[in-house]
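Geometric and topological summary
Residue strings, one per chain:
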Amino acid sequence: MTERPDSPHRPAGLSRRRLFGLLGAGTAGALAAGTAGGAIGRATAPDLATAAGATDAVPFVGAHQAGIVTPAQDRLHFVAFDVITDDRAELVGMLKAWTAAARRMTAGRDAGPVGAVAGSPYAPPDDTGEALGLAPSGLTLTVGFGPTLFTTADGADRFGLASRRPKPLAELPSFPGDAIEPAISGGDLCIQACANDPQVAVHAVRNLVRLGAGVVSVRWSQLGFGRTSSTSTGQATPRNLFGFKDGTNNLKAESDSALDRFVWVADGDPGGDWLAGGSYLVTRRIRMLIESWDTASLDEQERTIGRTKGTGAPRGQHGEFDPVDFTKQVDGEFAVPETSHVFLANPTNAGTAILRRGYSFVDGSDGLGRLDAGLFFIAYQRDPATGFVQVQRNLRADAMNEYIRHTSSAVFACPPGIRGADDWWGRALFSR
Ligand code: HEM
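Criteria and thresholds
- Residues numbered from 1 in each chain as written.
- Predicted model: local features only at pLDDT ≥ 70, side-chain atom pairs only at ≥ 80, totals over all residues.
- Heavy atoms only, no water.
- Donors = N, O, S within 2.8 Å, 3.2 Å for Na, K, Ca; no water.
- Helix = DSSP H or I, 4+ residues; strand = E, 2+ residues; numbered from the N terminus.
- Core = buried A, V, L, I, M, F, W, Y, C linked by side-chain atoms within 4.5 Å.
- Buried < 20%, exposed > 50% of the residue type's maximum accessible area, 1.4 Å probe, protein only.
- Contact = heavy atoms within 4.5 Å.
- pLDDT = per-residue confidence, 0-100.
- Salt bridge = Lys/Arg side-chain N within 4 Å of Asp/Glu carboxyl O.
- Pairing = 2+ DSSP bridges.

Protein coordination of the iron atom of the ligand is limited to a single donor, H341 (NE2), positioned at 2.0 Å. Its place among the elements puts H341 in helix α10 (residues 341-345).

We now examine the nonpolar core. Ranked by internal contacts, the top residues of the largest apolar core, which has 74 residues, are L91, W98, L141 and L189. Sort the elements by how many residues they give to this core and helix α3 (residues 88-106) lands first, with eight residues. Not counting the four nearest positions on each side in its chain, L141 is found in contact with F60, Q65, A66, A102, M105, T106, I191, Q192, A193, A204, L208 and W425. By size, the runner-up hydrophobic cluster in this structure holds 27 residues, among which are F78, C190, F262 and L355.

Quick look at the confidence of the model for the protein chain now. Per-chain confidence: the protein chain averages 90 in pLDDT, with 88% of residues scoring 70 or above. Considering only residues more than four positions removed or in separate chains, one finds that residues 1-51, a stretch of pLDDT under 50, has 106 contacts.

Next up on the list: the pattern of salt bridges. Overall, the coordinates contain 17 salt bridges when judged by the stated rule. Notably, a salt bridge pairs D178 with R284, separated by 2.9 Å at the nearest N-O pair. Taken together, the residues span a long stretch of sequence, with D178 in the loop between α4 (147-150) and β3 (189-195) and R284 in strand β5 (residues 279-288) at a distance of 106 residues. For R287, the salt bridge identified is with D372, shortest N-O distance 3.6 Å. Of this pair, R287 sits in strand β5 while D372 sits in strand β10 (residues 371-381), and the two are 85 residues apart along the sequence. Residue D372 is classed as buried on the basis of its relative accessible area, which comes to 15%. Ionic contacts of the salt-bridge type, sharing partners, join the residues R285, R287, D363, D366, R370 and D372 into one network.

Attention now goes to the pairing of β10. Summarising burial for β10: ten of the eleven residues are buried, a large majority. In this sheet, β10 lies alongside β5 in antiparallel orientation, the contact comprising eight bridges. Each bridged residue has a counterpart across the sheet, and for R287 the counterpart in β10 is G374. Here strand β8 (residues 355-356) pairs with β10 via two bridges, running antiparallel. Looking across to β10, one finds that L355 is bridged to Y380. The sheet contact formed by strand β9 (residues 359-365) and β10 spans five bridges and is antiparallel. The residue of β10 that forms the bridge with S360 is L375. Linkage of β9 to β10, two consecutive antiparallel strands, is achieved through a turn of five residues, within which G367 is found at a positive phi near 85 degrees.

What follows deals with the environment of A296. Along the polypeptide, A296 turns up in the loop between α8 (290-293) and α9 (298-305). Setting aside residues no more than four positions away along its own chain, A296 makes contact with Q301 and Y403.

Okay, here's the thing in structure tokens:
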């Protein structure tokens with residue numbers, strides 16, 4: 001069996017077999033607990049907010065916000081906002097109103113206490129009504145704060161929060177091949193609404209937008225269908241628009257130690273005084289050039305991903321959850337090519353792990369007869385620099401780059417979960 005020269009993506013002098021061996025004793029050992037097939041540990045309620053069924057409610061209160069390790073629901077409505085007021089009290093008032101409405105809507109109730117149809121006929125209802133009769137549908141609402149909420153691009157500290165911005169909450173760097181459109185990127189605040197019924201997610205976002213009138217305006221939003229990840233070992237792995245199983249080797253809700261290491265901000269981390277128990281959220285709208293992909297042979301597609309299309313097993317192996325064996329050869333060649341997505345993204349070579357929670361999208365067509373389709377990539381991590389940025393840098397030689405374009409980018413700090421009846425989104429951040 002031959003060993004190829006060292007890849008540029010791993011330290012010089014280390015063969016892939018040796019690197020795997022080294023990490024197997026350390027990093028990969030810890031990572032194994034967070035990867036499918038190796039997932040162990042317990043699901044701790046209420047930290048792990050689970051819906052018993054697709055139509056049930058997910059608990060809103062817990063140590064972490066729901067919508068991160070919650071088993072990924074089927075639909076997404078993501079929205080990013082610009083804050084348009086300069087008045088900190090107005091912003092705080094809106095966050096309190098949002099929290100109250102989110103508490104109600106995630107329980108399957110109307111956004112306001114009176115509801116869509118029981119109020120005065122002479123005033124606008126405090127709920128818009130399109131979710132009347134619909135089940136809670138596993139709705140989760142997850143809030144995040146962008147870097148520009150703390151300090152504007154020109155350095156202004158508009159809400160007295162500049163000193164509380166944790167260093168990791170910085171604008172993402174640009175990457176080779178980026179085609180980022182500023183109008184659909186960034187944002188001072190975001191809400192990630194996930195549900196198993198699209199109307200329930202859209203209703204929630206619409207009502208939060210309505211409650212934010214005069215304080216925030218919608219900067220951009222994205223609808224998603226068909227989760228492209230599983231975030232729990234209990235979920236079947238879905239397929240993305242390339243037709244491949246996606247989420248096989250994701251961090252999973254059941255792997256507490258890997259989540260503590262790679263997803264949750266800890267007490268001693270920057271910003272830990274208000275962000276401990278929270279996480280950083282990176283979003284990337286990734287257009288998939290599916291017409292070119294569809295002309296690639298099955299073999300080319302599988303070499304690009306590094307896994308087989310049918311079972312999702314690593315190339316040259318049999319089971320979907322078989323740990324990826326980078327030394328495996330088929331016909332004298334490494335089965336998982338060094339330019340494959342899985343080779344470069346796997347923790348063994350990327351040196352880190354992230355929790356992926358993305359959704360497919362099709363936003364019509366582009367006027368040139370091509371579908372404007374892709375993956376709205378969502379990742380949660382303890383620090384973007386050692387999470388998404390590190391993996392994305394390692395993907396610069398990814399064969400998949402020929403078939404994708406990143407068109408939008410954003411980063412947010414998501415505070416910890418709501419603790420009790422009086423808590424509200426951002427309380428610890430705005431408390432001094
Ligand atoms: C349209 C863009 C993308 C597509 C279609 C895609 C698809 C896939 C597929 C099919 C897998 C293998 C199954 C699995 O383990 O989940 C995978 C794995 C993975 N992807 Fe992506 N991906 C995309 C973008 C990204 C980006 C931008 C990142 C991070 C910067 C990323 C990080 C990962 C990681 C960490 C894994 C797990 C690798 C492993 O541990 O074996 N992916 N992706």
